[in-house]
Every structure is written in C-alpha cells, then in structure tokens.
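# Reading the structure
Listed here are the chains, written in short residue letters.
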Amino acid sequence: MTTVDEYRLLGFTDADREAAEQFEADPAAVEKLAGQLRTAIGAFRPEGDGLEMPDDPRISVAAFLETLPDIRRYHQERGVSDEVSWATLADLGQQLDVHRRTFGEYGLATHWWMAIHWSGVLYALGRLQFLLHQVPADKPVPGTETGEWVIGVHIPETGPLTPEAIDDSFDQAREFFPRVFPEYPVKTATLGSWLLDPYLLDNLPQDSNMVRFGRRFTPYGEPRDSQDSAIFFTFRSHDLDKLDEFPQDTKLQRLIVERIKAGGTWQNAFGYLKL
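How each quantity is defined
Residues numbered from 1 in each chain as written. Predicted model: local features only at pLDDT ≥ 70, side-chain atom pairs only at ≥ 80, totals over all residues. Heavy atoms only, no water. Helix = DSSP H or I, 4+ residues; strand = E, 2+ residues; numbered from the N terminus. Expected span 1.5 Å × (residues − 1). Buried < 20%, exposed > 50% of the residue type's maximum accessible area, 1.4 Å probe, protein only. Pairing = 2+ DSSP bridges. Axes fitted to C-alpha atoms, helices over the stretch in contact; angles between N-to-C directions. Salt bridge = Lys/Arg side-chain N within 4 Å of Asp/Glu carboxyl O.

Turning next to helix H9 (residues 163-180). Counted at 1.5 Å a residue, the expected span for H9 with its 18 residues is 26 Å, and the 25 Å between its end C-alpha atoms agrees. Those residues of H9 that fall on the buried side of the exposure criterion are Pro-163, Ile-166, Ser-169, Phe-170, Ala-173, Phe-176, Phe-177 and Val-180.

Written out as structure tokens, the structure is:
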C-alpha cells in the first residue's frame, strides 16, 4: 500500500493521488506488468525493450506503485542517494500531471517512458535526466564505438535551462555514473531533440537559455521531421488545427506557429558532447 508520503515524494498532485487510490485495477494485469518490471530492473534492455505494456495506462501506474519497493531497493544497493532516487521516480507524478493538463483526466500516455525509470537505467541529476545505454549499431555516434556506453540527455518540464543549472547537471553526471556504475564507463553524452533543430537555434536570440543549451552539442546525423514534438512540448497539445488558439506570448511560441503556417516542418536533430 502506497503511503501519502510516498505519493508526495513521487510528485503526485492531490487529484492524481485520489484517482490512483480509487482506481480498481485488475490484480492479474497489475502483477503481469509488475513481474516484467522486476525482471527488467538492472537488465539494461534498450529503452524498455521486451516489456508488454497494458492497453490501460492506469494499470501501469498501479504496477509502478506495486514495484516501488523493488526499484527503491535497487537504487539503495547501487549507492544512489535518496535525493536522486526520489527525484528520478518523481517524474511519474510529473507525467501524470502533464497527461491531466493535456487530456483533462487521470492517465499516463507516457507509461512506456516511465517503465525506463523503473528499470534503473535513468536518473534525474539536477535539471536534466540521463539514460545509461549502449550505442546501437544502427544509430552510430561520432567518436564512439558500437556497444560503447553513453548517457542520453533528457529534458523534463521542470524549469529554465540556465547555464548554471546545466553545468551543475553535467557535473553531477560526471561524478554519479563512474561511482554508481563503474562497470559501464561513459565518455559521451547524446541528445536527440527538437531543441537541436537548426532552424530553432538560428532563429531564437543567441543569448537565450535554449540556444546556449543546444550549442553545447556537436550536431551529427540527419534531422527527422517531428512537427508534433514542437507543438506538444511547447503547447501541450497534439492538435495542429488549433494553431490560432495557441498563446503567442513568447518568441518561442511565435516562432513555432509562424514556421508551421509558412509551410515549414519542425525536426528532431541529434548532437553529442564529450564529458
């Protein structure tokens, strides 16, 4: 049974805590995913590969809560501090809140993403999250070899990307991974994001936090069209028919809409940096 304090540490809003407590999940369905999650902890499968996520994401939430003691135990055994452990797992509450703001109800469209947290390969270190994984043969990274361990950078919705906050996150990563995962040495961080779209980096003010963050990474590979990413992460909507309804209060918001109206397409681009 999840305690009120654990719900708080997991970042649940009161509305989502109440909804989680009231949801009557099929015990067999919960245990099916819970068993898979326990097996995945520390197994370093590529981004949750092999997990069978249920059709109803609320069952996934119940399974995450059921296996909270398991992932917390793994963190402790690895020497992960309580602060980092809870900060990492608190993305569950954040993702639930994003779902509620987007769809107006209790749910977790990103339950596959949270399964990665629960496998023990992703950690929140200050402003950024870092996913420990191997370079796949079909997605090479310059200056690395296939199978080499790297940390993938992810950017939660937790505040501005100030240079000081980003420096602190990378400083924490340089200390954390060699200590907690000494058998998986990392020398490179990677990022795949619409924040690296060359058009974005060229058309926002060059002294903005977003541009200074993006310029840290050396581009590689070919950008991929991802109109939805720019819309969703800026406006928390997937509806391109609502362009005229989106707020236009910031340079970023205006740039996103203006490019689409002009017939342009936002893209995910890729970059790396050496630690």
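All right, on to the sheet that holds strand S6 (residues 267-274) then. As summarised here, the arrangement of the six strands in space is S1-S2-S3-S4-S6-S5, forming an open sheet in which the pairing is mixed. Two strands lie at the open edges of the sheet, namely strand S1 (122-125) and strand S5 (218-225), each paired on one side alone. Looking at each pair of strands side by side, their axes are set apart by 25° on average, direction ignored. In this sheet, S6 lies alongside strand S4 (residues 188-193) in antiparallel orientation, the contact comprising six bridges.

This part is about the pattern of salt bridges. Under the criterion given, the structure shown has 20 salt bridges. The salt bridge partner of Asp-70 is Arg-38, with a shortest N-O separation of 3.1 Å. Taken together, the positions of Asp-70 in helix H5 (residues 68-78) and Arg-38 in helix H3 (residues 27-40) put the pair 32 residues apart, joining distant regions of the chain. Classification of Asp-70 by relative accessible area gives buried; the value is 17%. Of the charged contacts, one joins Arg-216 and Asp-167 as a salt bridge, the two residues approaching to 2.9 Å between their closest N and O atoms. In this pair, Arg-216 is assigned in the loop between helix H11 (209-214) and S5 and Asp-167 in helix H9, connecting sequence segments 49 residues apart. In this structure Asp-167 comes out as partly exposed when scored by relative accessible area, which is 38%.

Keep in mind that these numbers describe shape and distance, not what the molecule does.
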